[in-house]
Amino acid sequence: GLQAVNKDAYSESHPRSLKCTRLAHEGDNMERYIVGRQFLVVLVLFLINMIGSALVGADPFGLPKWMNDIFLQGGVAMVVTTIVIGQLTSQINAAICMLDFMNNYFVLLTTYVSLAIEWSGLLHTVYLVQYAFGKISGENLESKEPPRSAMRNIFFWARVLVSTAILCFALAVTFETILTGQGGVWGEDKATSAMIVFLVVMCIVGIMEGIQIAAFCLINLPEEELRQHTIAYMNCKLIFAGQHLQAFLIGRQIFVTALMFFVAKITTIGEVEANEDTIAGTIFGVSKEAQTFFNTGFLAAIVMTVIGSLAWRIVASSFPLAFMSNPLIYLIVRICLFLEGTGICSSAWILARFAKPAIGYQPDEVYLDGAEEQGKEPITLRDMNVDTTVTVVKYLYSFAL
C-alpha cells in the first residue's frame, strides 16, 4: 500500500517504517518478501497446530462431549483464536494505519527473516514454475534489477535445483506419512481417503490463494471483453459487487486458515516408537533424530507453501482469465461470503476498534495529508457500528440490572 507513496513524506515521523519500505521496495525484494513471508505464515500455523492441538480425551472445562469434540478435538477453538487475534485484528488496523503499524523493529525483523528465507533457496523451485508459465503464456518476466552476472546465475540455478530436490523429498515424506497412517487424523485403514482429502484441500487452498491475484488482474479489463468469458465475468461480478470484496477477503482468510490447520493435522506425524537399538517404524528407516525433525511438520509446510500456495498464485497471475473461468470459484466465493456472514470472527472488529486508541495508531492521512489526529472517536464505519453495539449492550445490561 505504501509503494506509491513518497518516502520523504514519512521519513522523519516513521523511521522504522522507512527502513521496512526501503528494504522491501528495493529491486525485486517485494517478490522475494512475498515468497519468504508465505512460508513463514504456513510454518507458524503448523507450529501452532503442533503446540496447541488438544490431547486425545482432553476436557479442561467439563464441556458436553459434542462441544468438546468440535472446539477442542476438532480444533475450532484454536482456529478461531488464531484468525481473530493473530491475523484479522492486525490486518484491520494495518489497512488504514500502515505507517504506525510498521513503525517497530518487529516488523523490520520479520521483513529481514522473510528475505533471508527466500535467499536461502529453500523455495526457489517456485521460480522454476514461474519461468515455465512465463514461457507458456509467452510473457517476458519483468525485473527491476539488472541482469544477473554469470556467478549469480549459477548460484540462482543451483538453489533452484536444491530446492526442487528438497520439495521432492518433502512430498515423499508427506505421502508416506499419510499412506502409512502416521498423520494426525486417520489411521492406515483410511489412508487412501486421507490422501484424496489432502489433495483436494490443497487444490482448494491454492484456488483461494489465486482468486484475489486473478481478480485484481482483471479489475481494469474492459467489461465488454470480460463479458465474452461468461464464468469469469460472473465470478468477478460476485467478488466486486457492493461490499462483497471486503467480506470475501475476510471469509477467504477464515477458510484458508481453517484448511491449512486441517492440512497440518493430516500431515503432522505422530510420535514414532523406536528404541536405541532399532529404527523400525520410522519413515524410510531414518534415524530417530531425523524422525524427530520429520515430526515437526517442516517438510509438509514446504509442500503447502510451494504447491498449495505460491504455484497457484503464479498460475493466476499468468492466466487470470482462464483461472477465473473455473466454475468452482463461484462456489468457493459463496462459501467465503457465508463464513464472513456468520460473524464467527467478527470479534476482530471489536478488538481492532479498541486496540487503535490504546496503541495510538493514527490513519495514514494524518501523516501524509495533514489530517487532524484522531482520539477515541470512531474512524471507520465499522468503528461506529462497534460503538453503537457497545452502547446498546450497556443499556440492555443496565435495564436488566
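The model shown is predicted, which means the values in this text are computed figures rather than measured ones.

Side note on the packing of aromatic side chains
Evaluation of the coordinates by the stated rule reveals 13 aromatic pairs. Ring centres of Phe-169 and Phe-294 lie 5.8 Å apart, and the angle between their planes is 55 degrees; on these two criteria the pair is classed as tilted. Taken together, the residues span a long stretch of sequence, with Phe-169 in helix 8 (residues 150–179) and Phe-294 in helix 13 (residues 288–295) at a distance of 125 residues. On the basis of relative accessible area, Phe-169 is assigned to the partly exposed category, the value being 40%. By relative accessible area, which is 6% here, Phe-294 ends up buried.

Some remarks on the packing of helix 9 (residues 191–217) against helix 14 (residues 298–318)
The N-to-C vectors of helix 9 and helix 14 enclose an angle of 35 degrees; their axes lie 7 Å apart at closest approach. Crossing hand, helix 9 versus helix 14: right-handed. From helix 9, Phe-198, Met-202, Cys-203, Val-205, Gly-206, Ile-207, Glu-209, Gly-210, Gln-212, Ile-213, Ala-214 and Cys-217 reach across to helix 14, where they touch Val-303, Met-304, Ile-307, Gly-308, Ser-309, Trp-312, Arg-313, Ala-316 and Ser-317. Residues that form the contact of helix 9 with helix 14 fall into these classes: 13 nonpolar, 6 polar and 2 charged.

Quick notes on the pattern of salt bridges
The tally for this structure, following the rule as stated, stands at 6 salt bridges. The shortest N-O distance in the salt bridge between Glu-145 and Arg-32 comes to 2.8 Å. Residue Glu-145 is located in the loop between helix 7 (125–137) and helix 8, and its partner Arg-32 is located in helix 2 (residues 29–52); the two are separated by 113 residues in the primary sequence. Assessed through its relative accessible area of 24%, Glu-145 is described here as partly exposed. One salt bridge in this structure joins Asp-69 and Lys-65, with 2.8 Å as the shortest N-O distance. Linking Asp-69 with Lys-65, this pair stays in helix 3 (residues 65–73), spanning 4 residues, or about one helical turn. The class for Asp-69 is partly exposed, based on a relative accessible area of 34%. Under the relative-accessibility criterion, Lys-65 is labelled exposed at 63%.

The rules behind the values
- Residues numbered from 1 in each chain as written.
- Predicted model: local features only at pLDDT ≥ 70, side-chain atom pairs only at ≥ 80, totals over all residues.
- Heavy atoms only, no water.
- Phe/Tyr/Trp six-rings, centres within 6.5 Å; stacked < 30°, edge-to-face > 60°.
- Helix = DSSP H or I, 4+ residues; strand = E, 2+ residues; numbered from the N terminus.
- Buried < 20%, exposed > 50% of the residue type's maximum accessible area, 1.4 Å probe, protein only.
- Axes fitted to C-alpha atoms, helices over the stretch in contact; angles between N-to-C directions.
- Left-handed = near helix turned anticlockwise from the far one by under 90°.
- Contact = heavy atoms within 4.5 Å.
- Nonpolar A, V, L, I, M, F, W, Y, C, P; charged D, E, K, R; others polar.
- Salt bridge = Lys/Arg side-chain N within 4 Å of Asp/Glu carboxyl O.

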